[in-house]
Amino acid sequence: ILNVEQSPQSLHVQEGDSTNFTCSFPSSNFYALHWYRWETAKSPEALFVMTLNGDEKKKGRISATLNTKEGYSYLYIKGSQPEDSATYLCAFSSGNMLTFGGGTRLMVKP
Amino acid sequence: KAGVTQTPRYLIKTRGQQVTLSCSPISGHRSVSWYQQTPGQGLQFLFEYFSETQRNKGNFPGRFSGRQFSNSRSEMNVSTLELGDSALYLCASSSPTGGLGYTFGSGTRLTVV
């Protein structure tokens with residue numbers, strides 16, 4: 001059974017703060033690491049798919065890094081805005097299925 | 001471009017009944033996966049279909065089954081419903097040539113009473 005863990009489980013920050021979350025995953029049989037953003041009552045939205053050790057991806061104020069050798073990925077949000085409030089999920093892919101972490105619920109206060 | 005469509009959005013069933021959920025993938029996507037989300041367990045993989053064949057199955061009892069049609073639309077069926085089957089069921093589609101990304105539907109919220 002694959003174990004994908006995310007920390008923290010939840011986070012409250014003030015508007016303008018920068019923040020980061022961690023995803024740890026098995027370092028063997030690695031294929032890809034996905035990050036999703038999931039707002040209440042909406043579909044999970046793909047942020048990044050990362051495959052190579054040392055990968056860094058950026059989308060606006062959100063960026064992510066990947067270390068496949070030690071089995072972790074960081075997601076960073078610079079200058080958090082209230083609209084960033086959502087659950088951020090990471091998922092480990094070893095082929096045709098995703099194993100999700102429990103998510104980090106981010107709440108940004110105006 | 002239409003997204004992944006799941007029907008129905010909400011469903012209430014009685015314990016012991018069976019239910020069928022439907023998922024229409026993005027046009028051209030041939031892989032469809034199903035996930036269950038419960039408050040205590042997070043998102044868990046049910047099964048994945050590609051070209052009408054089940055390629056992967058998660059750790060769920062045989063009451064959970066699925067199929068995929070030639071147009072890539074997929075259905076999942078849960079027989080003999082239990083209270084614990086109450087959950088949000090999400091499907092996701094992906095393209096064999098479109099990288100590794102998955103596009104999710106909005107889900108079907110199943111309540112078993």
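Residues numbered from 1 in each chain as written. Chains lettered and ligands numbered in written order. Predicted model: local features only at pLDDT ≥ 70, side-chain atom pairs only at ≥ 80, totals over all residues. Heavy atoms only, no water.

Caption draft 1: Up close: the interface of chain B and chain A. At the interface, 16 residues of chain B touch 16 residues of chain A. For the pair chain B and chain A, the summed buried area comes to about 1,400 Å², and 65% of that belongs to carbon and sulfur atoms. Between chain B and chain A we count zero salt bridges in total. Applying the counting criterion to the chain B and chain A interface returns four residue pairs in polar contact (both at pLDDT 80 or more). Those elements giving two or more residues to the side of chain B that touches chain A turn out to be β4 (31–38), β5 (42–50), β6 (53–57) and β9 (87–94) of chain B. Grouping the constituent residues of the side of chain B that touches chain A by class yields eight nonpolar, six polar and two charged. (Contact = heavy atoms within 4.5 Å. Buried area = accessible area lost by both parts, 1.4 Å probe. Salt bridge = Lys/Arg side-chain N within 4 Å of Asp/Glu carboxyl O. Polar contact = N/O pair within 3.5 Å; in protein donor to acceptor, adjacent residues only side chain to side chain. Helix = DSSP H or I, 4+ residues; strand = E, 2+ residues; numbered from the N terminus. Nonpolar A, V, L, I, M, F, W, Y, C, P; charged D, E, K, R; others polar.)

Caption draft 2: Here's a closer look at the side chain of T68(A). Residues and elements named next belong to chain A. Following the sequence through the fold, T68 ends up in the loop between β7 (62–67) and β8 (72–77). Take T68: its relative accessible area is 13%, and that puts it in the buried class. Dropping the residues within four chain positions of it, T68 is found in contact with F25, S27, F30, T51 and N53. (Buried < 20%, exposed > 50% of the residue type's maximum accessible area, 1.4 Å probe, protein only.)

Caption draft 3: Expanded view of the sheet that holds strand β8 (residues 74–78) of chain B. All names here are of chain B. On the basis of which strands lie adjacent, the open sheet formed by four strands has the order β1-β3-β8-β7 and antiparallel pairing. The two strands at the open ends of the sheet, each matched to only one other strand, are β1 (5–7) and β7 (64–68). When the angles between neighbouring strand axes are averaged without regard to direction, this sheet yields 15 degrees. Bridge count for β1 against strand β3 (residues 19–24) is three bridges, and the pairing is antiparallel. (Pairing = 2+ DSSP bridges. Axes fitted to C-alpha atoms, helices over the stretch in contact; angles between N-to-C directions.)

Read these as layout, nothing more, since geometry by itself doesn't imply function.
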